[in-house]
Amino acid sequence: MAPLTHIAVMGSGYVGLVTGTCFARLGHTVACVDIDGEKVRRLTRGDLPIYEPGLELLVREGLDAGRLSFTTEAAEAVPQSEFVFMAVQTPSASNGEADLDALLAAVRTITPMLADDAIMVQKSTVPIGTAGLVEGVLASGNGSSHRVVANPEFLREGTAIRDFLNPDRVVLGSSTHAAAVRVAQLYDFADCPVLITDASTAEMIKYASNSFLAAKISFINEIAGICEAFGLDVRRVVDGMGHDPRIGSQFLGPGLGWGGSCFPKDVKALIHMAKAADVSPRILQAVQRVNADQPRLAVRKLQESLGELEGTVVGLLGLSFKPGTDDLRHAPSLQLIEVLTEQRVSLRAYDPVAMDRARSLAPEVTFCDDPYTAAEGADALVLVTEWPQFLELDMLAIKQRMRRPVIVDGRNFLDGVALQSLGFTYRAFGLPSTPVEGPTDLAALAALEGMD
Ligand code: NAD
């Protein structure tokens with residue numbers, strides 16, 4: 001068991017809030033710092049500004065136990081902390097490069113306050129070489145040689161607490177082995193490999209991991225297009241591929257493509273880094289191009305079913321970039337909304353948690369209280385986010401509300417055969433135009449029937 005200690009976390013967004021709250025849950029005393037006063041006021045009351053399953057309960061538990069606090073004043077958190085985690089945003093600059101302004105501002109804020117032996121732990125996703133850069137800023141600010149440990153975060157929104165508390169691996173990169181070992185002690189709760197590398201390797205591991213996952217999705221989207229051209233069912237192809245442990249079946253879901261706060265900016269940033277180093281990132285660029293086309297493919301499927309789109313009404317089921325989160329950063333829904341609005345389509349939408357955020361981003365959309373209202377008068381529905389509750393819908397009631405019973409399933413999520421038997425025109429990604437049953441797992445069937 002690691003000795004309990006004082007931790008400061010700079011940035012109380014999706015990553016910082018989960019990091020701080022989970023360390024408090026593990027018994028440490030954690031002060032979370034954010035420059036957003038309203039966010040801090042809400043968090044201090046136990047009122048979460050983001051949706052992340054299970055997080056509100058843990059935040060309240062931490063507040064009640066006196067182990068978790070929120071402040072806008074770094075001076076109230078940093079001087080007494082042995083570890084200062086950086087979890088501020090690193091968005092894309094216009095050239096694709098990661099914008100380090102927020103990070104460097106936070107580093108300058110903490111520099112004069114750091115305790116002598118404090119370690120700065122870098123959770124934000126940052127370009128190769130940033131740990132060294134930050135060590136330089138710290139040294140020029142206070143003359144000391146504070147260590148930076150790159151500790152990329154791999155949590156997924158929607159399952160962030162589970163991912164943080166049960167990581168697949170912990171990566172710690174530093175120019176000083178002893179600093180990485182001290183941070184490793186914080187993770188002794190985790191039953192997984194702890195990899196100690198140099199800082200730049202740790203930074204690269206994060207970009208390579210996210211880019212690989214994005215590539216898997218773009219790859220299967222390309223395969224889905226080829227399957228469609230040959231009248232094949234991509235689900236059966238994925239089933240046949242996924243049993244190979246070298247391939248695996250995760251992240252092989254065709255549809256509207258990847259989005260969110262990480263993949264788009266991280267693929268862009270890696271492309272930028274490669275080009276700056278005179279390396280041609282051919283695969284990464286193709287991964288990006290395939291993804292950019294996916295929402296347009298959904299629009300083409302609408303056109304094939306409805307004809308001219310101008311003047312039609314389309315209902316969107318789901319808006320967040322994936323289920324389990326209200327995050328709309330680079331969500332495919334926003335691109336879809338943009339393209340459909342250009343074509344003068346009236347849009348109605350429902351999402352279980354993302355509508356408050358969506359209102360300001362897409363004022364042209366009519367937001368509805370439930371999926372049935374979103375279907376009212378619609379010529380077609382597009383399933384955008386695979387929220388599990390959409391599997392429970394009374395599709396006959398949905399159909400009765402629609403002007404034309406057309407569904408474009410942007411995540412290959414719904415039961416196309418059942419929908420077609422109800423009279424829907426069902427279109428998905430990489431499926432034959434006449435839906436067939438999903439893949440049959442013969443091993444599962446055999447088990448069900450008591451066969452060997
Ligand atoms: P976010 O935008 O949700 O949160 C960042 C927070 O930092 C904001 O609340 C902002 O007000 C605060 N902030 C900005 N400047 C500050 C300063 N000087 N002092 C204190 N607070 C400051 O971002 P996020 O999604 O939590 O991502 C943070 C980092 O983690 C990014 O680099 C991201 O790439 C990486 N990451 C994110 C995820 C994810 O799923 N969201 C997963 C892994 C890694």
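Our subject is the structure that appears above.
Residues numbered from 1 in each chain as written. Predicted model: local features only at pLDDT ≥ 70, side-chain atom pairs only at ≥ 80, totals over all residues. Heavy atoms only, no water.

Draft legend 1. Quick peek at the side chain of Ser 261. Structurally, Ser 261 is set in the loop between helix H9 (234-242) and helix H10 (263-276). Using a relative accessible area of 10% as the deciding quantity, one classes Ser 261 as buried. Excluding residues that lie within four positions of it along the chain, Ser 261 makes contacts with Glu 157, Asp 327 and Arg 329. (Helix = DSSP H or I, 4+ residues; strand = E, 2+ residues; numbered from the N terminus. Buried < 20%, exposed > 50% of the residue type's maximum accessible area, 1.4 Å probe, protein only. Contact = heavy atoms within 4.5 Å.)

Draft legend 2. How the structure looks around the packing of aromatic side chains. As enumerated under the stated definition, the model contains nine aromatic pairs in all. Between Phe 23 and Phe 85, the aromatic rings sit 5.2 Å apart at their centres with planes inclined by 45 degrees, giving tilted as the arrangement. Of this pair, Phe 23 sits in helix H1 (residues 14-25) while Phe 85 is found in strand S4 (residues 83-86), placing the two residues 62 residues apart along the sequence. Residue Phe 23 is classed as buried on the basis of its relative accessible area of 0%. Considering the side-chain rings of Tyr 187 and Phe 189, the 5.9 Å spacing of their centres and the 40 degrees angle between planes classify their relative orientation as tilted. Looking at Tyr 187, the relative accessible area reads 4%, which means it is buried. In this structure Phe 189 comes out as partly exposed when scored by relative accessible area, which is 25%. Counting every residue linked through ring pairs, the aromatic cluster contains Phe 23, Phe 85, Phe 164, Tyr 187 and Phe 189. Over the ring of Phe 154 we find Arg 169; its NZ or CZ atom is 3.6 Å from the centre of that ring. (Phe/Tyr/Trp six-rings, centres within 6.5 Å; stacked < 30°, edge-to-face > 60°. Lys NZ or Arg CZ within 6 Å of the ring centre and 35° of its normal.)

Draft legend 3. Seen up close, the packing of helix H8 (residues 199-229) against H10. Closest axis-to-axis distance for the H8/H10 pair is 9 Å, and the angle between their directions is 115 degrees. Here H8 runs over H10; the crossing is left-handed. Facing H8, whose interface residues are Met 204, Lys 206, Tyr 207, Ala 208, Asn 210, Ser 211, Leu 213, Ala 214 and Ile 217, H10 presents Phe 263, Asp 266, Val 267, Ala 269, Leu 270 and Met 273. Across the contact of H8 with H10, the residue classes break down as eleven nonpolar, two polar and two charged. (Axes fitted to C-alpha atoms, helices over the stretch in contact; angles between N-to-C directions. Left-handed = near helix turned anticlockwise from the far one by under 90°. Nonpolar A, V, L, I, M, F, W, Y, C, P; charged D, E, K, R; others polar.)

Draft legend 4. Region of the structure containing the nonpolar core. In terms of nonpolar packing, the biggest core is built from 60 residues, with Leu 302, Leu 316, Leu 319 and Leu 340 touching the most fellow members. With residues up to four places along the chain from it excluded, the contact list for Leu 302 reads Gly 307, Leu 309, Val 314, Leu 340, Ala 380, Val 382 and Val 408. Within the second largest apolar cluster, 39 residues are counted, among which are Phe 23, Val 30, Cys 32 and Leu 58. (Core = buried A, V, L, I, M, F, W, Y, C linked by side-chain atoms within 4.5 Å.)

Draft legend 5. Representation of helix H3 (residues 55-65) in the model. Taken as a whole, H3 has its buried residues at Leu 55, Leu 58, Val 59 and Gly 62. Angularly, the buried residues of H3 cover 100 degrees about the axis, an arc narrow enough to put them on a single face. Opposite the buried face of H3, at more than 90 degrees from it, the exposed residues are Leu 57 and Asp 64. Those residues of H3 hidden inside the fold are in contact with H1, helix H2 (37-44), strand S3 (68-71) and helix H6 (160-165). (Arc of directions from axis to C-beta.)

Draft legend 6. Structural context of the site of the ligand. Neighbouring the ligand are 25 residues; Asp 34, Lys 39, Thr 90, Glu 157 and Lys 265 lie closest to it. Within the side chain of Ser 261, one N or O atom sits 3.3 Å away from a nitrogen atom of the ligand. Arg 329 is positioned with one of its side-chain polar atoms (N or O) 2.9 Å from an oxygen atom of the ligand. Contact with the protein chains covers 91% of the free accessible surface of the ligand, which is 830 Å². (Near = heavy atom within 4 Å. Polar contact = N/O pair within 3.5 Å; in protein donor to acceptor, adjacent residues only side chain to side chain. Areas by Shrake-Rupley, 256 points an atom, 1.4 Å probe, with all protein chains shown as cover.)

Draft legend 7. Fine view of the pairing of strand S6 (residues 147-150). As paired strands, strand S5 (residues 119-122) and S6 are joined by four bridges and run parallel to one another. Counterpart to Val 121 in the pairing with S6 is Val 149. (Pairing = 2+ DSSP bridges.)

Draft legend 8. Local environment of the sheet that holds strand S11 (residues 366-367). Judged by pairing direction, the sheet is parallel, and its six strands sit side by side in the order S11-S10-S9-S12-S13-S14 without closing on themselves. Two strands in the sheet have a free side with no partner beyond their single neighbour: S11 and strand S14 (425-427). Pairing geometry for strand S13 (residues 406-409) and S14, over three bridges, is parallel. Bridged to Val 408 within S14 is Arg 427. Here helix H11 (residues 282-306) sits on the sheet in contact with strand S9 (313-317), strand S12 (380-383), S13 and S14, set at roughly 160 degrees to S13.

Any functional reading would require information that these geometric values do not contain.
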